[in-house]
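A look at the structure
Spelled out from the first residue to the last, the chains are:
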Amino acid sequence: MNEPAQQAQLRSQARATGVVYLGYFATAILGLILSRLKPPADVMMACAADALYATLTILLYRLFRRAQLLLALAAALCSLAGCVTDGLHQLHAGFAGLSPLVFFGPFCVLLGMLILRSRFLPRWLGWPLIAAGLGWLAYLNPEVAQHAKIVIFPVGFLAEFELMLWLLWRGVDEARWREQGH
């Protein structure tokens, strides 16, 4: 494949990742709204959001495996385990007491580390994800979570939202992405 075609393919892959991210956000927010209005519909939306997030996880893995394969794999496995755990909770078939945040916290930390290690996205996108992941882990202690949720939710939302916007708007630096694979 010639160089312009490869660049176009990478740009479309990064933007497709951003589109799936946007779909996840829209579905998750709609699910929260429906949880107050139509309880059975919120479960369907939450499961759809989990499916979109699992798809997003695979796309992010494909994008970041060049930065560090094992770290990308660990991040993907954490996120997929979180999606499965959350889906089981939605269907009331989950493991009692096992929060999906046990997996999503490390996922965000690892994703932030991958951004810091990569040369194809700005490093400043990684730090908020690391902070968000550490915040999600605080939820494992209900007393801490009760006092910190006013900060944790906005940080988590904004960290992932800005990554989504960057992928939609700018994509990745194609030359640096290719360099990273060598």
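Since the structure is predicted, the reported quantities are computational estimates derived from the model, not experimental observations. (Residues numbered from 1 in each chain as written. Predicted model: local features only at pLDDT ≥ 70, side-chain atom pairs only at ≥ 80, totals over all residues. Heavy atoms only, no water.)

Our next topic: the environment of V84. Mapped onto the elements of the fold, V84 is located in helix α3 (residues 69–90). We classify V84 as exposed; its relative accessible area is 52%. Considered as a pair, V84 and L56 are 28 residues apart in the sequence and their alpha carbons are 14 Å apart. (Helix = DSSP H or I, 4+ residues; strand = E, 2+ residues; numbered from the N terminus. Buried < 20%, exposed > 50% of the residue type's maximum accessible area, 1.4 Å probe, protein only.)

Before going further, it helps to examine a nonpolar patch on the surface. A grouping of I29, L30, I33, L37, F157 and L158 is seen on the molecular surface, where their side chains present a nonpolar patch of about 550 Å² in accessible area. Mapped onto the nonpolar patch, the elements with two or more residues apiece are α1 (3–37) and α6 (142–169). The dominant element in the nonpolar patch, judged by the number of residues it contributes, is α1, at four residues. (Patch = residues over 30% accessible without salt bridge, like charges linked within 9 Å, V, L, I, M, F, W, Y side chains within 5 Å. Areas by Shrake-Rupley, 256 points an atom, 1.4 Å probe, with all protein chains shown as cover. Salt bridge = Lys/Arg side-chain N within 4 Å of Asp/Glu carboxyl O.)

Moving on, we get to the nonpolar core. In globular proteins that are soluble, nonpolar side chains generally tend to be buried together. Counting residues in hydrophobic clusters, the biggest one holds 40 residues, and the most contacted among them are Y21, F64, L121, L163, L167 and V172. The set of elements that each furnish at least two residues to this core consists of α1, α2 (39–64), α3, α4 (101–117), α5 (126–138) and α6. Broken down by element, the residue count for this core peaks at eight residues, all from α4. Beyond its immediate chain neighbours, meaning those up to four positions away, L163 contacts Y21, L111, I115, L121, L125 and L129. (Core = buried A, V, L, I, M, F, W, Y, C linked by side-chain atoms within 4.5 Å. Contact = heavy atoms within 4.5 Å.)

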